[in-house]
Amino acid sequence: MAEAADFQGTSASPARRWLRRTGTLLAAAPLLAGLLQLPGAAPVHAAGQGSLKAAAGSDPVSVAVDSLTPAVPGEGDTLTVSGTVTNEGKQAVTDAHVDLRLGPALNTRSDVDAASNRGDYQDGLDGAPVGGKYVKEFTKLTPGVAQRFSISVPVDKLDLGGNGVYQFAVSLSGETSAQPWEKVLGIQRTFLPWQPDEANPKTRTTILWPLVSTARMTAQTGSDESQTPVFHDDDLAKEIAPGGRLQQLVSLGKELDVTWVIDPDLLASVDAMTESYRLQGEGDTTTAGTHQGVANQWLAELQEAVQDKEVVALPFGDPDLASVAHNGTNVTGSLSHLKEATDVAADTVDSILHVEAITDFAWPVNGAVDPSIVKVATSAGADKVIARSDSLVETGGLPYTPSAARPIGGGTTAVVSDARMSTVFQGNLTRASSSTLAVQRFLAQSLALNHQADRQRSIVVAPQRMPTASQAQAMAAAVTALQGGTWSQSQELTAAATAKPDSGATTKVPAASSYPSSLRKQELPRAAFEQTENTQDKLDKFKVILTRESRVVTPFGRAMNREMSTSWRGRSADAADYRNTVEAYINSLVDQVTLIEKSDTKLSGRSATIPVTVQNNLVQGVDHLVLRLTSTSPRRLEIDGEAYSEQRVTVSGGHSQTVKFPTSAQANGQAEVIAQLYTEDGQAYGAPVRFDVKVTEFTATVMLVIGGGFLLLVLAGFRMYTQRKRAAAREAEEDGVQETSETDGDPEGPEDRLTPESHLEEESVTGTRADAPEQPSDPTPDTAAESADPSGTGERVDR
């Protein structure tokens, strides 16, 4: 980035500068004379480089600056520098002493970078010792032993010149037995920002304070009414517990004037932990989570911290925009998931933190952008993209760092964060010395930026997404010092995005070929988005049969948002495991609604009913299902008169339903029957059940034989009935004739008076008389033996 060659108003007084230069030349004169007298002497520049390399390889003492307070000194302050010196060589160091060295003012931001990267002591560049009583002496430094030091010096003893950034160093000088003369054996450089008076103008600085974590919640929920959530592990509890990373970010951030950038998934996860939650165990087992108190405490502290502060909500799960742009846009549904993640963000933040969140900012990884990333970001509803200056590089030749806002076309604004200030807190900052150096370098870059031009600019600092606890502490120390300084004033992100852009600032988004290969290697592959879409297809087919689909759709929808999370970068194996777990769970739910297997069936006769059972092992009922029974041989076996028949199915949770289909046989033999569930829109649901039906139909000859036998039985019964009636009538007539003969004295019996017709009739019924001999073919009488006694008056006796 182009920079101003000089600070304005940062030079020391002319007299002081003349004295320093004269002293340096006088000190170097003997050395130059000696070099010139040597035969074949190398050029001075080459000799100097060789001596620097030798010094770099021979520095046996490491110097660590653990504390420098105040970080931004003012007039009348006392600067205290504390740290340790450690003899890492093999020889003891004698007559050792620690000195403070004030180097020259650094005129550009590049000078600050150069001083940070320089590792060797360079006479003249590293300044002269402050000297006097502001020295810490050690008689002896034993190898492998660290010695602490602390030196306090009034600021006015440092002879600081005009406003600006000064190189400040702590050095250890002494002797060794191998080199028995005093020399600098170790040095540590840092920076001293000097701006005792209020700067005019001040830099408007926006600090993003990110609250983002790794995806922890699974798609699985309990069968209870409250749908107890299930977490992959309990690591989130460690992050929000006192001293944890997220707890530190909240505790430190609430004292700062920052813009909070929050992943709603983190809020939803911690909110779920405030009540009953479970942890995945071995196999299908789960155990109870026990950190409800920690979750409640963290949320309460965060709610207090964000009151009256600007809150930017990322899409739910913090989707990896670059991965979507480069590998997901050609997979159906990827952009829909991104849009859904954006839509639920504001409501999630509002319901948990009770603040209105801003959702029109997109934040690609490391602020790296290309046209496809910008397009994906805006497709989800964002019109502002947080980029970084090492991606959207300045090419216009500006002599200063321009304001963050840049119109990049299509109504989209790129908010370009400052790369130097945004990346200074990366790396291992667990050691106090590393943290102190990061703080001072951040402040030096901020002040150097302010001195570049006599115009007010809006600068944005976007640190890493998930700073460690030590990184957060260093960030907080730097921001505290900056906001207590005299050259910067706080500004919200929305104000920075709407500030007037510099006319000469770069507005062209870099080409895709400029995207860092190191970042591209960490992206989610196309296969990841294809698996997510496969899971979505299964969910779509499953949800239509549910009576309470929100119990399934919501947790799975959020889980698929997490599958696209930026937090999976560099953790491809973990990302694949998470996706596999989500897909396996939807498969297990789909399999809870199934057809019961059937054995082969025999059908005897022309028609029968075939039962098919649908089992629902879900806790909620299922509806909108159709069961179809199909005969693969309809000429042999018909289902309800057709090749197939369908019936609607509704099954309560934890129950089963048996559906009966009428069938009819058309011919003997075996017919395969297929039972298949379908959704109402005609999509097959689950696996089909196949079974065979063996038809054993009766033939026409058999039916005639059976019919003929039945007819003979009917006729025989009718004949028996007729014979009995005639016999009864004949006996009644004979009894009447006998009684008449006895009364009239007629000597002739009844038989003597029968006419020929009567005689014929008598012969036809002889076999039915009581005294007639029984014929072998006659049926057994079904009445009692006849009584000879006269019947009572009015009593009818059937014969």
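Quick caveat, the model's predicted, so the values are computed rather than measured.

J.: Just to check I follow, could you spell out the pattern of salt bridges for this structure?
T.: Any two side chains of opposite charge can pair, so long as their charged atoms come close to each other. Counted by the stated rule, this structure contains 32 salt bridges. Here D623 makes a salt bridge to R648, at a shortest N to O gap of 3.2 Å. One end of the pair, D623, is in strand 25 (residues 622-631); the other, R648, is in strand 27 (residues 644-651), and 25 residues separate them in sequence. Using a relative accessible area of 16% as the deciding quantity, one classes D623 as buried.

J.: In this structure, what is going on with the sheet that holds strand 1 (residues 61-69)? I would like to understand it.
T.: Hydrogen bonds between backbone groups are what pair the strands of a sheet, and the pairing can be parallel or antiparallel. The 3 strands are arranged 1-2-6 in an open sheet whose pairing can be described as antiparallel. A strand with exactly one partner marks an edge of an open sheet, and here the two such strands are strand 1 and strand 6 (146-154). Ignoring which end each strand starts from, the neighbouring axes of this sheet average 20 degrees apart. As paired strands, strand 2 (residues 78-87) and strand 6 are joined by 9 bridges and run antiparallel to one another.

J.: Help me out: how do you make sense of helix 6 (residues 264-273) in this one?
T.: Because each turn of an α-helix spans 3.6 residues, side chains separated by three or four positions in sequence point in the same direction. Among the 10 residues in helix 6, 9 count as buried, and that is most of the element. Within the span of helix 6, buried status applies to P264, D265, L266, L267, A268, S269, V270, A272 and M273.

J.: It is not clear to me how the confidence of the model for the protein chain should be interpreted in this structure. Could you clarify?
T.: Detailed reading of the predicted coordinates is not advisable wherever pLDDT is low. Looking at the protein chain, pLDDT values average 85 and 82% of them are 70 or higher. Confidence drops under pLDDT 50 across residues 1-57; counting only partners more than four residues distant or on other chains, this segment forms 53 contacts. In the model, residues 737-799 has pLDDT below 50 throughout and makes 36 contacts with residues more than four positions away in sequence or in other chains.

J.: I'm lost on the nonpolar core in this one. Help?
T.: Soluble globular proteins tend to bury their nonpolar side chains together. In this structure, F542, F556, L627 and L629 are the most contacted members of the largest nonpolar core, which totals 74 residues. Looking at this core, the element that brings in the most residues is helix 19 (residues 572-590), giving 7 residues. Sequence-distant contacts of F556, defined by excluding residues within four places in its chain, comprise A219, L539, V582, Y585, I586 and L589.

J.: How do you make sense of the side chain of D99 when you look at a structure like this?
T.: Take D99: it is sitting in strand 3 (residues 93-106). Within the buried core, D99 has no salt-bridge partner, and the shortest N-O distance to an opposite charge, that of R101, equals 4.7 Å. Of the polar contacts made by the side chain of D99, one reaches the side chain of H97; its length is 2.8 Å. Contact partners of D99, with chain neighbours within four places excluded, come to P129, V135, A169, V170, S171 and S173.

J.: I keep staring at unusual backbone geometry and nothing clicks. Help me out?
T.: Most peptide bonds are trans, and most residues other than glycine sit at a negative phi. The omega torsion of the bond from T69 to P70 falls at -10 degrees, within 30 degrees of zero and hence cis. Here P70 lies in the loop between strand 1 and strand 2. Here N200 and P201 are connected by a cis peptide whose omega angle stands at 5 degrees. Positioned with a positive phi, N366 is a non-glycine residue whose angle comes to about 55 degrees. With respect to the helices and strands, N366 occurs in the loop between strand 16 (361-362) and helix 11 (371-379). One non-glycine residue, D640, adopts positive backbone phi at about 55 degrees.

J.: Just checking my understanding: could you explain the packing of aromatic side chains for this structure?
T.: Two descriptors summarise a pair of aromatic rings, namely the distance from one centre to the other and the angle between the planes of the rings. Across all of its chains, the model carries 4 aromatic pairs by this definition. Their ring planes at 70 degrees and their centres at 5.3 Å tell us that F231 and Y277 sit as a pair that is edge-to-face. Of this pair, F231 sits in strand 11 (residues 229-231) while Y277 is found in the loop between helix 6 and strand 13 (278-280), placing the two residues 46 residues apart along the sequence. With respect to burial, F231 and Y277 carry one shared label: buried. Ring centres of F425 and F442 lie 5.3 Å apart, and the angle between their planes is 40 degrees; on these two criteria the pair is classed as tilted. With a gap of 17 residues between them, F425 in the loop between helix 12 (419-423) and helix 13 (432-450) and F442 in helix 13 connect regions that are remote in the sequence.

Conventions we followed
- Residues numbered from 1 in each chain as written.
- Predicted model: local features only at pLDDT ≥ 70, side-chain atom pairs only at ≥ 80, totals over all residues.
- Heavy atoms only, no water.
- Salt bridge = Lys/Arg side-chain N within 4 Å of Asp/Glu carboxyl O.
- Helix = DSSP H or I, 4+ residues; strand = E, 2+ residues; numbered from the N terminus.
- Buried < 20%, exposed > 50% of the residue type's maximum accessible area, 1.4 Å probe, protein only.
- Pairing = 2+ DSSP bridges.
- Axes fitted to C-alpha atoms, helices over the stretch in contact; angles between N-to-C directions.
- pLDDT = per-residue confidence, 0-100.
- Contact = heavy atoms within 4.5 Å.
- Core = buried A, V, L, I, M, F, W, Y, C linked by side-chain atoms within 4.5 Å.
- Lys, Arg positive; Asp, Glu negative; His and termini not counted.
- Polar contact = N/O pair within 3.5 Å; in protein donor to acceptor, adjacent residues only side chain to side chain.
- Phe/Tyr/Trp six-rings, centres within 6.5 Å; stacked < 30°, edge-to-face > 60°.

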